[in-house]
Amino acid sequence: MIKQYKLRFYNFKLVILLTAISLFGVQLVASASPDLRNKQLLGVVMGLVLLVILSLMDYSWILNFQWIMYGFNLLMLIGVRLFGSEAGGASRWLDIGGFRFQPTELSKVIIILFFAKFFMDHEDDINTFRVLAESVLLLAVPLALIYAQPDMKNTITVTIIFCILLYIAGLSYKIIGGAILIAVPLLIIFLSIVVQPDQTLIKDYQRTRIMSFLYPENEEYQEDIEQQNNSKTAIASGELVGKKLTGDQVSSVNAGNFVAENQTDFIFAVAGEEYGFIGCTTLVVLLLLISVECIRMSLRAKDLAGKIICCGIGSVVAIQSFLNICVATGLAPNTGTPLPFVSYGLTSLVSLFIGMGLVMNVGLQSSTYNKELKRKEIDKKEEYL
């Protein structure tokens, strides 16, 4: 379960990147809502501890419990369906002993681990209809439970991550091309249906978000895009270095509470106003470096499962970062996606650290490390002989 690893193989660069962006996140959360600072800091400390522990645990051993993890994931999501706490018209949280927990965030990590093992076990026949059908059916169950909360953004996010995992597992380009030819017309049909006033495919608030993005000039949707307009104003007002250094709080969009949920969904607006272009660029660069580091670790993985874990967790960071920043800058409909390691939310924060801990372990068991172990074993046998 826990192996002895060489310190020189430990990816301290990734630890430094994660610590830096998390502490930056604590500062931004404190600016948005001072009473949440200690909770966010506690989440960072808890996450770093779990990262270190999991980085020393053999991920191959953990993957042996894939079906237990899958079952636990379903139990969590069913628990949300039966006993979930409602907020904003959606039941996405479980209250356990005074602690509010969002299972969908941990579910993403579990799904990546499950399919990492599943695709490795079927590496030679990944392009067969049987394996593809099984994988889609296994995904459909938790995906349906996530969608039923309702949580369309995470439904779409998990679907995209699954497609990336399939690609990493070696899915044929012919199948990918065929899927795209089918998906594009379906997306056009879907959009043509949801823009109709009497549609029943999605919830009314979901349709309103799409419509306000497609027709921002329409007076009917001005109230719905007010949040994003205020967010863009906040980012623009920060200019180069932001208002934190200049002390200009009189015209502060953040201090004036003109942007709701600025500690979570619109934390990037806080970064733009408080630290300006430099702060926003720093966030983007840190998130990019973390995603790239995950990909780099995947190239050194000892097996397909390790490669899928690294690319899967890296994809979660990249996709959620892209969505959050696009929403804050008005380039995408409001989705309510948190910014990884930055937005307030202990479940999301700790879940991402858990994923990163497993990525670290993949790096510790890189092909270079395994070759060195095998060489030492051979040398010992030769000495014995």
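Here is a short report on the structure shown in this document. Sequence order as written defines the numbering, with residues in each chain counted from 1. Confidence filtering applies because this is a predicted model: local features only for residues at pLDDT of at least 70, side-chain atom pairs given and counted only at 80 or more, and all residues used for totals across whole chains, interfaces and linings. Only hydrogens and water are set aside when side-chain values are computed; all heavy atoms of the structure are taken into account.

Let us now look at helix H5 (residues 103-121). Per the convention used, a helix needs a DSSP run of H or I reaching at least four residues, while a strand needs a run of E reaching at least two, with both numbered from the N terminus. Here the expected length of a helix is defined as 1.5 Å per residue gap, with one fewer gap than residues. Helix length check: H5, at 19 residues, gives a terminal C-alpha distance of 27 Å against a target of 27 Å (1.5 Å per residue), a fit within 8%. When accessible area is computed with a 1.4 Å probe and restricted to protein chains, residues below 20% of their type maximum are described as buried, those above 50% as exposed, and intermediate ones as partly exposed. Of all 19 residues that make up H5, 17 are buried, and the element is covered over most of its length.

Once that is clear, we can look at the packing of aromatic side chains. Under the pairing criterion, centres of Phe, Tyr and Trp rings, with the six-membered ring standing for Trp, must be within 6.5 Å; the plane angle then separates stacked pairs below 30 degrees from edge-to-face pairs above 60, leaving the rest tilted. All chains considered together, the criterion is met by 15 aromatic pairs. Seen in terms of ring centroids, Phe114 and Phe115 are 5.1 Å apart; in terms of plane orientation they differ by 85 degrees. Their pairing is edge-to-face. You can call Phe115 buried: its relative accessible area is 1%. Geometrically, the ring pair formed by Phe118 and Phe119 is edge-to-face, given 5.7 Å between the ring centres and 70 degrees between the ring planes. We note that Phe118, like Phe119, is buried. The structure contains a cluster of three or more aromatic residues connected by ring pairs, namely Trp67, Tyr70, Phe114, Phe115, Phe118, Phe119 and Phe162.

Within the secondary structure, Lys117 is located in helix H5. Overall, Lys117 belongs to the buried group, its relative accessible area being 16%. Residues count as neighbours in contact if any of their non-hydrogen atoms are within 4.5 Å of one another. Setting aside its immediate chain neighbours within four residues, Lys117 contacts Leu63, Asn64 and Gln66.

By themselves these figures say nothing about function.
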